[in-house]
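Topology and contacts: notes
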Amino acid sequence: MRRPISTRRGRAAVIAVTAVCLAYAPIAFTELWPYARPGAPALGEWLLGRTVSPEFVADAVRDRTEPYERSLVPLIVHSVLGGLLMLLGPVQLLTAVRRRVRLHRALGLVFAATVYVSMAGAALYLVRTPPERAFSGAAFWVVLAVVLVGTVGSLTFGLLAAFTGFPDLHQRWLLLCYGFLMTAPLLRLEWGLLPALYPGLTLQDVNRVAIMHLGALVSFGALLASRALDRRSSVPGLTGTWAPGPVMVLAHLAGAAGLAALVPAFLGQGAEGRRLLLAYLLPYAVMYAVLAARAAGARRAGNAWAREEWRLHLAALLLAPAFSAVMVPVLERAMGLDRATALVAAAGIGCGMLAYTAVTVVSLRVLAGRELLRRRRTPAPPAAEPAPALAPVEGKGR
């Protein structure tokens, strides 16, 4: 008997993610040792030198040396523990699917502690390094800071969901957390692939292209995984929708306005701007098409919960360009960035931040349903009996 296509695709996706994690773990373990001890072996540099060119690697090492000098120890801690997280992630997913509850909880505590310590190392690097002096510049610094906050925040909400009895929300937040962690290996893949598409780009240029879509792709992957694992057609207490037709119309209008502001701004930057715009728009169009099709399919199948979640994420995706357009002047004034850098940073964080917001709204949707059920089950207090009328006192007032 042949397995359903969705099952085969799910297994293929799990195998692909696991393969990427296992391949990246030794790279993360050794990536920063040459900066502490020149000449130390680094698997990532060795592979990149043979995939692209030794000159590409030499330029990358030179550009990274000065920004990393101030915070080398925290960065080594961050990188080594990041390699450990690449191994723990697939194990956690497997134990959850196999329902090994005790093992899943024990490894979950190790995973959470590792994330917090690893992200603390990254935070020290960001705090000690001025944005304009960070590796790949201020826009890359902004995106790294947002990914860090998103990783820690999603892990924290995931733990709270587990402790308060919301396993479905725990699953969503932890998948989003791991999605943010996956930006590291996926970025390394782009280091090897993008120079073939754009010969002559430096590693800093490659990073600017990559941040146009990495946050969007990893959060989108987390959503696909969440929906694949959630087979429910309804959620207790789910009534109506938080994304009705008028809201979706307004979201489309806001998205169109945001794109109308972003597209000319990128096109005004010449060849680099067109390259960055393509890296932003192509994944955006694919995600929009998938979300709209999945929402329509859930409606036809009568799956109210799936339709609601797809539509909430679609609304968030539509609002992402508007959010980025608003953030351009905010980053200019708050961080003193020039317009081009603020534009890249704002576009780089928009889809990821709105996906995080969508998971928050989905969580509130589930919590509202739980509260509605609680109120229905709680009996109303008995009506208070009226107080007896006081009898008049003899002789008073005479």
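Just above sits the structure.
Rules behind the numbers
- Residues numbered from 1 in each chain as written.
- Predicted model: local features only at pLDDT ≥ 70, side-chain atom pairs only at ≥ 80, totals over all residues.
- Heavy atoms only, no water.
- Core = buried A, V, L, I, M, F, W, Y, C linked by side-chain atoms within 4.5 Å.
- Buried < 20%, exposed > 50% of the residue type's maximum accessible area, 1.4 Å probe, protein only.
- Helix = DSSP H or I, 4+ residues; strand = E, 2+ residues; numbered from the N terminus.
- Contact = heavy atoms within 4.5 Å.
- Lys, Arg positive; Asp, Glu negative; His and termini not counted.
- Salt bridge = Lys/Arg side-chain N within 4 Å of Asp/Glu carboxyl O.
- 1 Å grid on protein atoms, 1.4 Å probe; cavity = no way out; pocket = protein on both sides within 12 Å on 5 of 7 lines; lining within 4 Å.
- Points joined across faces, edges and corners; volume = space filled by probe spheres on them.
- Nonpolar A, V, L, I, M, F, W, Y, C, P; charged D, E, K, R; others polar.
- Disulfide = S-S within 2.5 Å.
- Expected span 1.5 Å × (residues − 1).
- Axes fitted to C-alpha atoms, helices over the stretch in contact; angles between N-to-C directions.
- Parallel < 35°, antiparallel > 145°, perpendicular 65-115°, else oblique.
- Left-handed = near helix turned anticlockwise from the far one by under 90°.

Another point: the nonpolar core. Within the largest apolar cluster, 109 residues are counted, with the highest numbers of intra-cluster contacts made by Tyr68, Met86, Phe111, Leu155, Leu181, Met212 and Phe266. When residues in this core are grouped by element, the largest group, 14 residues, is from helix 15 (residues 339-377). With residues near it in sequence (within four places) discarded, Phe111 still touches Leu85, Leu88, Gly89, Leu155, Leu174, Cys177, Tyr178 and Leu181.

Further remarks concern unusual backbone geometry. Peptide bonds are, in most cases, trans, and in most cases residues other than glycine have a negative phi. In this structure, Ser136 is a non-glycine residue whose phi angle is positive, near 70°. One can find Ser136 in the loop between helix 6 (101-128) and helix 7 (137-163).

Assignment of secondary structure puts Arg275 in helix 13 (residues 270-301). Buried within the structure, Arg275 lacks any salt-bridge partner; its nearest side chain of opposite charge belongs to Glu272, at an N-O separation of 4.8 Å.

Our focus in this paragraph is the layout of surface pockets. Space left empty within the atom packing is revealed by a probe, the size of a water molecule, rolled over the atoms. Size it by volume and the second largest pocket reaches roughly 430 Å³. Along the wall of the second largest pocket there are 23 residues; nearest its centre are Ile27, Gly44, Leu47, Leu48 and Arg188. Of all the secondary structure elements, the ones that give two or more residues to the lining of the second largest pocket are helix 1 (5-30), helix 3 (43-51), helix 4 (54-69) and helix 9 (183-197). With six residues, helix 9 is the single largest residue contributor to the lining of the second largest pocket. Looking at the lining of the second largest pocket residue by residue, the classes come out as 16 nonpolar, three polar and four charged.

This part takes up the state of the cysteines. Per the stated rule, a full pass over the model turns up zero disulfides. Among the cysteines around Cys177, which has no disulfide bond, Cys21 carries the closest sulfur, lying 12 Å off. Exposure remark for Cys177: the relative accessible area of 0% places this residue in the buried category. With no disulfide partner, Cys351 has as its closest neighbouring cysteine sulfur the one in Cys177, 20 Å distant. Given a relative accessible area of 10%, Cys351 falls into the buried group.

Right, let's talk about the environment of Leu193 for a bit. Structurally, Leu193 is set in helix 9. The exposed category is assigned to Leu193, whose relative accessible area is 59%. Separated by 13 residues in the primary sequence, Leu193 and Val206 place their C-alpha atoms 9.5 Å from one another.

Our next topic: helix 7. Side chains that are three or four residues apart share a direction in an α-helix, a result of its 3.6 residues per turn. For helix 7, spanning 27 residues, the distance from its first C-alpha to its last is 40 Å, which sits close to the expected 39 Å at 1.5 Å a residue. Positive phi appears at Gly165, one or two residues downstream of helix 7, with a value of about 85°.

At a minimum axis distance of 10 Å, the contact between helix 6 and helix 7 shows a crossing angle of 155°. By the criterion of interaxial angle, the relationship of helix 6 to helix 7 is roughly antiparallel. Helix 6 and helix 7 meet at a crossing whose hand is left-handed. Between helix 6 and helix 7, the residues in contact are Phe111, Ala112, Val115, Tyr116, Met119, Ala122, Ala123, Tyr125 and Leu126 and Trp141, Leu144, Ala145, Leu148, Thr151, Val152, Leu155, Thr156 and Leu159, respectively. Classifying every residue of the contact of helix 6 with helix 7 gives 16 nonpolar, two polar and no charged.

This brings us to the pattern of salt bridges. Working definition: two side chains of opposite charge can pair if their charged atoms are close together. What the rule picks out here adds up to 16 salt bridges. Linking Arg232 and Asp230 is a salt bridge whose minimum nitrogen-to-oxygen distance equals 2.9 Å. By relative accessible area, which is 28% here, Arg232 ends up partly exposed. Residue class for Asp230 comes out buried when judged on its relative accessible area of 7%. Between Glu332 and Arg339 there is a salt bridge; the shortest N-O distance is 2.8 Å.

Right, let's talk about empty space enclosed by the protein for a bit. Tallying each qualifying case throughout the model produces three cavities of 30 Å³ or more. As a volume, the largest cavity reaches approximately 710 Å³. The wall of the largest cavity is formed by 36 residues, among which His78, Leu144, Thr183, Ala184 and Arg188 lie closest to the centre. Elements represented by at least two residues in the lining of the largest cavity include exactly helix 1, helix 4, helix 5 (72-97), helix 6, helix 7, helix 8 (167-181), helix 9 and helix 11 (214-229). Counting residues per element, the lining of the largest cavity draws most heavily on helix 5, which supplies seven residues. Approximately 120 Å³ is the volume found for the second largest cavity. As for the second largest cavity, its lining consists of Ala216, Ser219, Phe220, Leu223, Met287, Leu291, His313, Ala316, Leu317, Cys351, Leu354 and Ala355. The biggest single contributor to the lining of the second largest cavity is helix 11, with four residues.

Without other data, these values stay purely geometric and don't point to any function.
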